[in-house]
Amino acid sequence: MKRGRNAYTPGQRPLRGHTNEFPKGKGGVVFCKVCNIVYFKKSWHHNLRRHKNLHEDLAVAFVVCPACAMIQNGKYEGRVVLTNMPPLVRENLENLIHAFTHRAYQRDPLDRLIAIKKQNATFEITTTENQLAAKLAKKIKDVYKKVRVNVSYGHAKDKASEITIAFLS
Ligand SMILES: [Zn+2]
């Protein structure tokens, strides 16, 4: 997902189907109608707490934020597949994944865990950001050590990267 100062500037990179919904002018804000995060000063925030120039006549618009749009469309940008997981680590690992991705979400509302699909010794974890998947994989390697990590980066634009972590028995 593109982000940063110039990502998602109104008029420059509108969401499909919402071309004219961004308020014009500097003071406007845009809410995600799915998760309620809010876009102002060229990036997404959890709320308006840091918005210092609130006017009563503030222009307000509603769209679907890039993270929710990705989830609604059944897409993801990062995928981590854990295989051969010993039964004893599964619960801890699940807690680690939730805690780690929640911290990332608190820092940036577009960084999200989409799902953990569990099937016995295999977990498939999807995220809205490939960097989040990469950091999560590094964290898992740091904590569990006896793992083998394989990364395949998405090369084309917006292509998801894929990380496999095999537990060594
Ligand atoms: Zn949203």
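Treat the numbers as computed from the prediction; the structure is a model and nothing was measured.

Points about helix H3 (residues 130-144)
Counted at 1.5 Å a residue, the expected span for H3 with its 15 residues is 21 Å, and the 21 Å between its end C-alpha atoms agrees. Within the sequence span of H3, burial applies to Leu 132, Ala 133, Leu 136, Ala 137, Ile 140 and Tyr 144. Down the axis of H3, the smallest arc covering the buried residues is 135°, so these residues share one side. Buried residues belonging to H3 abut strand S5 (78-83), helix H2 (87-107), strand S6 (113-119), strand S7 (122-127), strand S8 (147-152) and strand S9 (161-167). A positive phi of about 60° marks Lys 145, the residue just after H3.

Comments concerning the coordination of the zinc ion
Here the zinc ion is held by Cys 32 (SG), Cys 35 (SG), Cys 65 (SG) and Cys 68 (SG), and the distances to it run 2.3 Å. Every donor counted, the four donor atoms about the zinc ion form angles of 104 to 116° at the centre, which fits tetrahedral coordination. In the primary sequence, the donor residues of the zinc ion line up as C-x2-C-x29-C-x2-C. Of the residues examined, Cys 32 reaches a relative accessible area of 0% and is grouped as buried.

Description of the pairing of strand S1 (residues 29-32)
Residues Val 29 and Phe 31 of S1 are buried on one face, and the alternating residues Val 30 and Cys 32, pointing to the opposite face, are buried as well. Sheet topology note: the S1/strand S2 (residues 38-40) ladder contains two bridges and is antiparallel. Counterpart to Val 30 in the pairing with S2 is Tyr 39. Between S1 and the antiparallel strand that follows it, S2, lie five residues; Asn 36 among them carries a positive phi value of about 70°.

Conventions we followed
Residues numbered from 1 in each chain as written. Predicted model: local features only at pLDDT ≥ 70, side-chain atom pairs only at ≥ 80, totals over all residues. Heavy atoms only, no water. Helix = DSSP H or I, 4+ residues; strand = E, 2+ residues; numbered from the N terminus. Expected span 1.5 Å × (residues − 1). Buried < 20%, exposed > 50% of the residue type's maximum accessible area, 1.4 Å probe, protein only. Arc of directions from axis to C-beta. Contact = heavy atoms within 4.5 Å. Donors = N, O, S within 2.8 Å, 3.2 Å for Na, K, Ca; no water. Tetrahedral: all angles 85-135°; square planar, octahedral: opposite > 155°, others 65-115°. Pairing = 2+ DSSP bridges.

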